[in-house]
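# Structure assessment
This is what each chain is made of:
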Amino acid sequence: MTQVVVIDYGMGNLHSVSKAIQAVSSSESIVISSNTDVIKAADKIVFPGVGAIKDCMEAFSVDLRETVLEEIDKKPTLAICVGMQMLLKSSEENGGVDCFDILDGKVTKINASKEIKVPHMGWNRVKFLKEHDLLENIPDSSFFYFVHSYCCSSSEDALTETTHGESFISCLAKDNIFAVQFHPEKSQDMGLELYRNFLNWNI
Amino acid sequence: MTLAKRIIPCLDVDKGRVVKGVNFLNIRDAGDPIEIAKRYDDEGADEITMLDITASHETRDTTYKTVENIASQVFIPLTVGGGVRKIEDIKKLLRSGADKVSINTAAVENPDFVKEAADKFGSQCIVVAVDAKLKEDSSSSWEVVTYGGRNRTGIDVQEWTTQVADYGAGEILLTSMDRDGTKEGFDNELVFQVSSSIDIPVIASGGVGNLQHLIDGIQIGGAEAVLAASIFHFSEFTIQEAKDAMKDSGIVVRA
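A few points on the structure. Since this is a predicted model, take the numbers as computed values, not measurements. (Residues numbered from 1 in each chain as written. Chains lettered and ligands numbered in written order. Predicted model: local features only at pLDDT ≥ 70, side-chain atom pairs only at ≥ 80, totals over all residues. Heavy atoms only, no water.)

Counting secondary structure elements, chain B contains 10 helices and 12 strands. The C-alpha atoms of chain B give a radius of gyration of 17 Å, which matches the 18 Å a tight globule of 255 residues would have. Along the first, second and third principal axes, the C-alpha atoms of chain B reach 40 × 40 × 40 Å. Restricting to contacts in chain B with at least 6 residues of sequence separation, those with at least 24 account for 65%. For chain B, the accessible surface area stands at approximately 9700 Å², while carbon and sulfur atoms represent 45% of it. (Helix = DSSP H or I, 4+ residues; strand = E, 2+ residues; numbered from the N terminus. Rg over C-alpha atoms; globule rule 2.2 N^0.38 Å. Contact = heavy atoms within 4.5 Å. Areas by Shrake-Rupley, 256 points an atom, 1.4 Å probe, with all protein chains shown as cover.)

Set out below in structure tokens:
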């Protein structure tokens with residue numbers, strides 16, 4: 001039986017992520033865990049993140065960090081929101097934070113104005129720049145639910161883009177890693193479709 | 001710009017049942033919150049807000065259970081408010097499956113609570129609910145009221161919303177207590193005053209009686225999202241009808 005682990009490093013509510021995966025799962029076992037043995041034994045990894053990026057980075061113990069980096073390097077991995085941002089090179093949030101540097105790109109603040117509200121909160125279109133297995137059965141320019149104040153505006157690993165004032169990268173992909181700025185678990189049918197594609201993803 | 005304007009049905013929940021009254025009088029029972037939330041999800045609601053209007057704290061466990069049940073069946077964002085006074089309350093609601101928590105009276109009584117909550121959980125999940133009434137001697141300035149509108153605080157709404165935005169609120173849920181339950185439409189002057197003075201999203205609330213009111217909240221008030229309760233509960237309109245009407249007026253909505 002395929003085992004999917006949602007990595008729990010103590011930040012935020014992971015209940016909604018695991019419930020959404022469960023809703024589309026046929027036979028997979030889905031666990032929320034911070035246990036390094038469980039993470040090593042899993043077949044697929046979901047890497048969520050919520051809140052301030054500095055707190056997220058600091059929430060990792062040395063052991064957990066080492067295990068997660070090793071496993072992300074080889075297993076199908078879905079990173080979500082701040083989880084996505086943590087895989088990039090660095091973020092300017094919280095006065096500047098070095099991140100895991102697995103995907104290309106940096107995280108910068110979205111420019112706010114009276115018209116362009118920040119946080120970027122709500123449903124926005126995801127425009128495809130390239131094809132990908134995880135976007136199967138999802139029409140180009142579908143709406144997904146976003147909530148964030150920082151974004152990645154350019155990356156060699158860019159897969160889709162979204163516009164809020166300026167364009168930013170809403171999905172990145174590289175080898176076994178797929179990373180999204182939006183919340184599939186809050187994006188109704190399209191989000192569930194993405195989780196279904198992740199469960200079916202073979203690399 | 002492609003960020004869609006949001007339609008948010010609101011469930012006022014008392015002891016585990018959805019109710020909606022006119023100015024808190026004449027409360028009518030509108031049903032089971034989980035069934036109603038699912039129906040709204042199916043109809044294409046962009047988010048759901050649940051306000052616990054139960055006065056006593058004895059029924060908090062019912063609230064957490066209701067939140068958990070909604071969250072496990074509905075895959076759109078869920079905001080929960082009503083009686084949120086402590087960091088522990090927020091933690092419990094988030095753990096039960098809420099995505100955002102709305103703070104009202106506790107913020108007015110202790111503004112630092114907003115800062116503390118945003119620092120701890122992130123701005124993205126902290127909504128400050130502001131109940132506003134026209135000042136007694138004015139036709140263009142509003143003050144914050146608490147306790148269902150009974151208590152005038154003297155705090156200016158524009159100053160207050162600017163302050164809580166600085167303190168890290170991620171969104172403002174702005175309710176006109178002059179309009180709430182009247183079906184006369186949002187107080188769009190109030191909505192515009194707030195939405196044009198801060199950089200965070202404003203949800204307009206209070207007074208929706210027809211679909212044009214939703215459109216006006218966005219086009220005249222400048223709101224990012226519109227919230228309504230009774231027009232959806234009693235099936236006067238479906239969410240889809242509301243979206244179609246907004247779309248026809250040139251507003252970007254999620255289809």
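What follows concerns a negative patch on the surface. A cluster of acidic residues, A:Asp63, A:Glu66, A:Glu70, A:Asp73 and A:Asp175, forms a negative patch at the surface. Mapped onto the secondary structure, A:Glu70 falls in helix H4 (residues 62-72). (Patch = residues over 30% accessible without salt bridge, like charges linked within 9 Å, V, L, I, M, F, W, Y side chains within 5 Å. Salt bridge = Lys/Arg side-chain N within 4 Å of Asp/Glu carboxyl O. Lys, Arg positive; Asp, Glu negative; His and termini not counted. Charge placed at Lys NZ, Arg CZ, Asp CG, Glu CD.)

What follows deals with the pattern of salt bridges. In a structure, side chains of opposite charge can pair up when their charged atoms sit close to one another. Residue and element names in this part refer to chain B. For the structure shown, the criterion picks out 23 salt bridges over all chains. For aspartate 89, the salt bridge is made with lysine 86, and the minimal N-O distance between the two is 3.8 Å. Judged by relative accessible area, aspartate 89 falls into the buried class, the value being 8%. The exposure class of lysine 86 is partly exposed, given its relative accessible area of 48%. With a closest N to O distance of 2.8 Å, lysine 135 and aspartate 156 form a salt bridge. Of this pair, lysine 135 sits in the loop between strand S7 (126-134) and strand S8 (142-146) while aspartate 156 is found in strand S9 (residues 151-156), placing the two residues 21 residues apart along the sequence. We classify aspartate 156 as buried; its relative accessible area is 13%. (Buried < 20%, exposed > 50% of the residue type's maximum accessible area, 1.4 Å probe, protein only.)

Before going further, it helps to examine helix H8 (residues 211-219) of chain B. Residues spaced three or four apart along an α-helix point in a common direction, a consequence of the helix completing one turn every 3.6 residues. All names here are of chain B. Burial analysis of H8 places seven of its nine residues in the buried class, the great majority of the element. For H8, the full list of buried residues reads Leu211, His213, Leu214, Ile215, Asp216, Gly217 and Ile218. Measuring from the side-chain oxygen of the N-cap residue of H8 to the backbone nitrogen of glutamine 212 gives 3.1 Å; that N-cap residue is asparagine 210. (Polar contact = N/O pair within 3.5 Å; in protein donor to acceptor, adjacent residues only side chain to side chain.)

This next bit is on the packing of helix H2 (residues 60-71) of chain B against helix H3 (residues 87-96) of chain B. All names here are of chain B. Viewed as axis vectors pointing N to C, H2 and H3 meet at an angle of 35°, and their least axial separation amounts to 8 Å. Of H3, the residues touching H2 (which contributes Arg60, Tyr64, Val67, Glu68 and Ala71) are Asp89, Lys92, Leu93 and Ser96. Tallied by class, the residues present in the contact of H2 with H3 amount to four nonpolar, one polar and four charged. (Axes fitted to C-alpha atoms, helices over the stretch in contact; angles between N-to-C directions. Nonpolar A, V, L, I, M, F, W, Y, C, P; charged D, E, K, R; others polar.)

The next thing to look at is the nonpolar core. Grouped burial of nonpolar side chains is what soluble globular proteins tend to show. Counting residues in each nonpolar core, the largest one holds 79 residues, and the members touching the most others are B:Ile90, B:Leu174 and B:Leu214. Examining the composition of this core, we find that five residues originate from one element, helix H5 (residues 112-121) of chain B, more than from any other. Contacts of B:Ile90, omitting those with residues within four sequence positions, involve B:Val84, B:Val101, B:Ile103, B:Phe113, B:Ala117, B:Phe121 and B:Ile126. Membership of the second largest hydrophobic core comes to 69 residues, among which are A:Ile21, A:Leu87, A:Cys99 and A:Ile169. (Core = buried A, V, L, I, M, F, W, Y, C linked by side-chain atoms within 4.5 Å.)

Under the defined criterion, the tally for this structure stands at 11 aromatic pairs over all chains. Taking the centre distance of 4.5 Å and the plane angle of 25° together, the rings of A:Tyr9 and A:Phe60 count as stacked. One end of the pair, A:Tyr9, is in the loop between strand S1 (3-7) and helix H1 (15-24); the other, A:Phe60, is in the loop between helix H3 (53-58) and H4, with 51 residues separating them in the sequence. When sorted by exposure, A:Tyr9 lands in the same class as A:Phe60, which is buried. Aromatic pair A:Phe146 and A:Phe182: ring centres 5.6 Å apart, planes at 75°, arrangement edge-to-face. Of the two residues, A:Phe146 is situated in strand S9 (residues 142-148) and A:Phe182 in the loop between strand S13 (177-180) and helix H6 (188-200); the sequence distance between them amounts to 36 residues. Given a relative accessible area of 0%, A:Phe182 falls into the buried group. Put simply, the rings of A:Tyr9, A:Phe47, A:Phe60 and A:Phe100 pair up and form one aromatic cluster. Here the basic side chain of B:Lys120 rests over the ring of B:Phe121, its NZ or CZ set 6.0 Å away from the ring centre. (Phe/Tyr/Trp six-rings, centres within 6.5 Å; stacked < 30°, edge-to-face > 60°. Lys NZ or Arg CZ within 6 Å of the ring centre and 35° of its normal.)

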